[in-house]
Amino acid sequence: MSNFVIILSAALFLLALATLIRLRVKLDLYPNVKTLFAGLGRTGIRIDITGKTRAFIFAGRTIKTFSTEKKPDRKTAGEKTKTVKKQKPGRQRPLKKILAVVPTTLKALSNYTYSILKSAAIEEFDGQINAGFGPPHITGAAFGFYQATLAGIPGMAGRFKYIPDWNGLSFQGQLRISVSIPLYRLLFKTMVMLWQLPLRELIKLAIGTKKATPEAMPKGK
């Protein structure tokens, strides 16, 4: 009994420790490097957007890299066997029932999105964009929006620069951003959202109800 308690306590401790790990998303956009990383802590998947490759990262080290390009099918179109699937009866989802769950669903999703954004922490945010939008007044409007954003978010000052190009249409830039959220917060917020959602009604709508077939319809006298 004592060994079982020790094992259970150790498992619960490791589980609690794991929830303290941060879910991290990191985006690097540079002229020669364009990668997206998603994972827990320093372990996860890094996608090379331009090279069409993916790499498995463990504790910051690349373990395995593999290509995301699809290999050509060896079978020709004539060799492929055609399977005739039996057509299943269609299902219907009454519009009245769909509209009934929309307000509650939208409210739960909006609360979830807001709480996730509020809980997320910006670890890195550095970048510079040199861009022009053609007519000078449009470029000026974009530059004014940039200045207003800096005033509203003082933390962006010195970390992100927008240099307008008044000569015409152009775009060059680089960006590095890393956002993370503790796993326990993500799990808790998700559980709250699931509790607020009308899951029973949504499942019923997803399944739908069978449409009445001509054979099943009552025949007239």
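Everything here concerns the structure above.
Here we summarise the structure given alongside this text.

Reading the values: the criteria
Residues numbered from 1 in each chain as written. Predicted model: local features only at pLDDT ≥ 70, side-chain atom pairs only at ≥ 80, totals over all residues. Heavy atoms only, no water. Helix = DSSP H or I, 4+ residues; strand = E, 2+ residues; numbered from the N terminus. Buried < 20%, exposed > 50% of the residue type's maximum accessible area, 1.4 Å probe, protein only. Polar contact = N/O pair within 3.5 Å; in protein donor to acceptor, adjacent residues only side chain to side chain. Expected span 1.5 Å × (residues − 1). Arc of directions from axis to C-beta. Phe/Tyr/Trp six-rings, centres within 6.5 Å; stacked < 30°, edge-to-face > 60°.

A few words on the side chain of Arg24. Mapped onto the elements, Arg24 comes out in strand 1 (residues 22-29). The exposure class assigned to Arg24 is buried, which follows from its relative accessible area of 17%. A distance of 2.7 Å separates a polar atom in the side chain of Arg24 from a polar atom in the side chain of Glu123.

Now for helix 4 (residues 183-196). For the α-helix, the turn length of 3.6 residues means that residues three or four positions removed from each other point alike. Taking 1.5 Å of rise per residue, the 14 residues of helix 4 would be expected to cover 20 Å, and the 20 Å separating its terminal C-alpha atoms lies within 8% of that figure. Within the sequence span of helix 4, burial applies to Leu183, Leu186 and Met193. Projected down its long axis, helix 4 carries its buried residues within an arc of 90 degrees, all on one side. Looking at helix 4, the residues exposed on the side facing more than 90 degrees away from the buried face are Phe188, Met191 and Trp195.

A separate point is the packing of aromatic side chains. Across all of its chains, the model carries three aromatic pairs by this definition. Ring centres of Phe143 and Tyr162 lie 6.0 Å apart, and the angle between their planes is 45 degrees; on these two criteria the pair is classed as tilted. Within this pair, whereas Phe143 is found in helix 3 (residues 136-152), its partner Tyr162 is found in strand 8 (residues 160-164), the two being separated by 19 residues in sequence. Phe143 gets classed as partly exposed once you look at its relative accessible area, which sits at 25%. Among the residues examined, Tyr162 registers a relative accessible area of 9% and is labelled buried. Following the ring pairs from residue to residue traces out a cluster consisting of Phe143, Tyr146 and Tyr162.

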